Structure formats: structure tokens, C-alpha cells
Amino acid sequence: MISFTKFLTGAHHYGDQLRYQEESTKWPHGIRKGCGPVVAWNTTRTCNLRCIHCYMNSDHHHYPGELNHEEAMVFIQSLADFRVPVLLFSGGEPLLRPDFFKLAEEAARLGIRPTLSTNGTLITKKIAQQLKSIGIGYVGISLDGLEKVHDQFRQKQGSFQQAFKGIENCVAEGQRVGLRFTINRQNMHDVDEVLDLVEEAKIDRICFYHLVYSGRGSELTKDVLTPEETRQVVDRIIDRTLDFQRRGLNKEILSVDNHADGVYLYLKLRKSHPEKAANVLSLLKRNGGNRSGMAFANVDSQGNVHPDQFTQNHCFGNVKEKPFSEIWQGTNHPIQAGLKNRKPLLKGRCATCHWLDLCNGNFRARAEAITGDFWESDPACYLTDKEISKEGELS
């Protein structure tokens, strides 16, 4: 994640202590000193929607072989033993899992911060109260634009209104909540109006996701923004972040799945606010760029361990068979070993980029989806050839 808020305003939020602690390049095997990675767990593949960009290919039916309650409780204990700081309950739709609240409550009891990624349609007032009472640290609700676009993406009329009601229920209960917005050509013109909703509905946070070509999302490559369009959207997010600050509104604005954003922001600040740019450069070095397979992990509903939720075609082991910590620290799988020290393996623009230490090769899933080569350049990098060269640093 790239925190536009922290880089532009200096404000501090919870996740910053994980993103910008001691230099990640010093972590042995990419594991934070004294603790395991942040884990995103697809608790179930079942979902009440059928979104056109779903990386899980989820649908509204039962999927056999998912972790049962006892297996899930053992898994959560293993995460606590490994000192995993955050467990993101995802899906499918995690609220469809009957034991969700028991599992999330157990994570909290064991000292893991439970967070929730949901489509929001099932969050009634009572559910919002339960989320708050068991200590859910954050609820992320997907909103893919205004009503027409969102309903089209979710393939269900009325899903926007249901999701927005879920957001309102969280806000009313004092449950920290934010939006998750996946940028593409169909919704790029809704960015300003969605940010207006963040203000009007008193929403704490919004994460702008760059599209990753995985699952049903693989069919949306035609809707990927050009580099020029991406820059336009990022510029608008920058302007609105600064506007929130000027008006004293405490909103956390982040982008996800494209570490080119951090370099782009740094290069812009170096021209307009060099004192801020120096601090941003320091933070980017601490962050170290993409941490898939290092400080970020995914476990799917069957218990398979992956580098991240978009790279489920590469499996490192199964938590039904071995403790998560043992799987995560392994090096037998070539992709797993490579991700721990990926720089020598990268190709193309990524291999020669002057900012490789800040980006770490960006998102491997996109490179593999487009080129068939896991170590090729990420096609979503929108920096120019000059910007990624040594000459770009001096200009």
C-alpha cells in the first residue's frame, strides 16, 4: 500500500507502523523482525454476488474442501504463534461463513488484529454492532463507482444501495470503515464523486486498487488504463488528498497493488516540495516496495498458501498439513525462494529501473498474466523510460 495521506500531509494511521518501520530489506527472508506476515485469508469462496473482476471466481454455491471450524481455529492459533500482526478475513463473502464471528473473535483474543473485506450488502445494523463489539479493527467495503457502474460490476441491481447501507450502519456504530475502489476505464470518471461520498458519509478511509489480471479480472484487460490515464487519476487523488487536509478532514487515502505510485509521488514532490520529497524517499526505502511472498501472504479457503491473493496459481503448501510458519519460511518452491530475493531474477524495465529498491518489481501476477513469465516487467508501471533511469533522478 502507498499512503497518499502520510506522504502528502504527514498524518499517521494504524497501518503506517507496519508499512514504514525499519528497512524491509534488512528483514531475514522478508519476515519482519519478531513476527510473521500480514495474512489475507479467503475464509470461503461462496459469495452472494458474482462480480466481473473477482480474482476468486466466486459464485453463490457451496465449495467443498474448505477449512472446517476446527481446522480454522488451529490455523488461527498457528498465526498467533508466528506473531502475525493482522488477519484479513476475505472471501468470497466472509459474512456468509456461519462461524465468522467466532473466528474473528478468536483472532482478536490471541492478539491478532482482525480486519474484514466484504461487499457490504449483508451488514445490517445488528451485524455492524457485532463487528464493533468483537474488536474488528477495520471493515473494507468494495464500491466500484457510482450506482450504475457498481451494479454492473457486481452483476446485481441494488447492490450499490445495499453496500452503501452497510457503510452507513458501520459509521453509525462507530466501526472504522473504508471503501475499496478498483480503478479501470469504466469507473475512472467516478473518482471525484466517490471521494465526495467519502466526505458526505463520514467514511474514514478509501483504498484505490490498481486492477490485477487474475480470476474473472483477467477478462478486463481491455479496461486497463493507459499510462497517461493512470497519471490523470493519480493526480486527481493527490489533489483531493491535499484538499481534505486543507479543510481539516481526517481521511486516509491509499493506493494498492502498484508501487509505481510511490515513485511518481516522490518525483512530483521533488519539484514542488523538496523537503517533503526527502521524507517520502526515506519512507519508501523503509517500505521496500511489493512484499508478496515476504511480508504479505494469502491462504485460500482450502488452506493453500500463496504469495498473495492474486497469485493463487502458485501454492507453497497447505495449512491442513503443516503449520503456516513452517510453510511460509520454506524455500523449496522456486517462486517462493525467488520472491524472497527477487531483484536478480527480474527482467525488462524492472531489471534496469533506478527505483527498484523502492518498488521491488511491483506486481508479479500482472507480469505473468500478460507475458507468461513471472519475472518479466509489470505492464502496469506507468513511469516513463526517462523517469525510471538515472537521468530521471536528476531531472
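Below, the structure is looked at part by part. (Residues numbered from 1 in each chain as written. Predicted model: local features only at pLDDT ≥ 70, side-chain atom pairs only at ≥ 80, totals over all residues. Heavy atoms only, no water.)

Examining helix H8 (residues 191–200)
Turning to H8, its buried residues are Val 191, Val 194, Leu 195, Leu 197 and Val 198. Seen along its axis, H8 keeps its buried residues to an arc of 150°; they face one direction. At its buried positions, H8 is contacted by helix H7 (159–172), strand E6 (177–183), strand E7 (205–210), helix H9 (227–246) and strand E8 (252–256). One or two positions beyond H8, positive phi appears at Lys 202, with a value near 60°. (Buried < 20%, exposed > 50% of the residue type's maximum accessible area, 1.4 Å probe, protein only. Helix = DSSP H or I, 4+ residues; strand = E, 2+ residues; numbered from the N terminus. Arc of directions from axis to C-beta. Contact = heavy atoms within 4.5 Å.)

Brief notes about the nonpolar core
If you look at soluble globular proteins, the nonpolar side chains tend to sit buried side by side. Counting 93 residues, the largest nonpolar core has Trp 41, Phe 75 and Phe 324 as the members making the most contacts within it. Here this core takes seven residues from helix H10 (residues 260–272), the largest share from any one element. Filtering out sequence-adjacent residues up to four positions away, Phe 324 remains in contact with Pro 37, Val 39, Phe 75, Ser 78, Leu 79, Phe 82, Val 84, Ala 297, Val 299, Val 305 and Val 319. (Core = buried A, V, L, I, M, F, W, Y, C linked by side-chain atoms within 4.5 Å.)

Describing the pairing of strand E9 (residues 296–299)
Two faces make up the sheet, and in a regular strand the side chains alternate between them. Here strand E2 (residues 38–42) pairs with E9 via four bridges, running parallel. Directly across from Trp 41, in E9, lies its bridge partner Val 299. Bridge count between E9 and strand E10 (residues 304–306): two bridges; the pairing is antiparallel. Counted as the bridge partner of Asn 298 is His 306 from E10. (Pairing = 2+ DSSP bridges.)

Focus: the pairing of E8
Counting buried residues in E8 gives five out of five residues, a clear majority hidden from the surface. Burial along E8 is two-sided: the face carrying Glu 252, Leu 254 and Val 256 and the face carrying Ile 253 and Ser 255 are both buried. One ladder, built from two bridges, connects strand E1 (residues 2–3) with E8; its direction is antiparallel. Counted as the bridge partner of Ser 3 is Leu 254 from E8. Where E7 lies against E8, five bridges are found, and the strand directions are parallel. Residue Cys 207 lies in a different strand from E8, and its bridge partner there is Leu 254.

Brief notes about unusual backbone geometry
That bond from Gly 91 to Gly 92 is cis: its omega, 10°, falls within 30 degrees of zero. Position of Gly 92 among the secondary structure elements: in the loop between strand E3 (86–90) and helix H4 (100–109). In the Ramachandran plot, Arg 83 falls in the positive-phi region, its phi being about 55° despite a non-glycine side chain. Mapped onto the secondary structure, Arg 83 falls in the loop between helix H3 (69–81) and E3. The exposure class assigned to Arg 83 is exposed, which follows from its relative accessible area of 56%. Non-glycine residue Asp 257 carries a positive phi angle of around 75°. For Asp 257, the location among the structural elements is in the loop between E8 and H10.

Thoughts on helix H6 (residues 147–154)
Because an α-helix completes one turn every 3.6 residues, residues spaced three or four positions apart along the sequence face the same direction. The complete set of buried residues in H6 reads Val 149, His 150, Asp 151, Phe 153 and Arg 154. For H6, the elements touching its buried residues are strand E5 (138–142) and H7. At the C-terminal side of H6, Gln 155 shows a positive phi close to 55°.

Notes on the pattern of salt bridges
Evaluation of the coordinates by the stated rule reveals 19 salt bridges. Here Asp 99 and Arg 97 are joined by a salt bridge, their closest N and O atoms 2.5 Å apart. Taken together, the shared-partner salt bridges in this structure form one network comprising Asp 192, Asp 196, Arg 236, Asp 239 and Arg 240. (Salt bridge = Lys/Arg side-chain N within 4 Å of Asp/Glu carboxyl O.)

Points about the state of the cysteines
In this structure the tally under the stated criterion is zero disulfides. Lacking any disulfide linkage, Cys 359 is separated from the closest cysteine sulfur, that of Cys 350, by 6.2 Å. (Disulfide = S-S within 2.5 Å.)

Some words on the sheet that holds E10
Ordered in space as E1-E8-E7-E6-E5-E4-E3-E2-E9-E10-E11, the 11 strands form an open sheet in which the pairing is mixed. Two strands close off the open sheet at either side, each with one partner strand: E1 and strand E11 (317–318). Strand direction decides the pairing type here: strand E4 (residues 113–118) and E5, joined by four bridges, are parallel. Following the sheet pairing, Thr 118 is matched in E5 by Ile 141.

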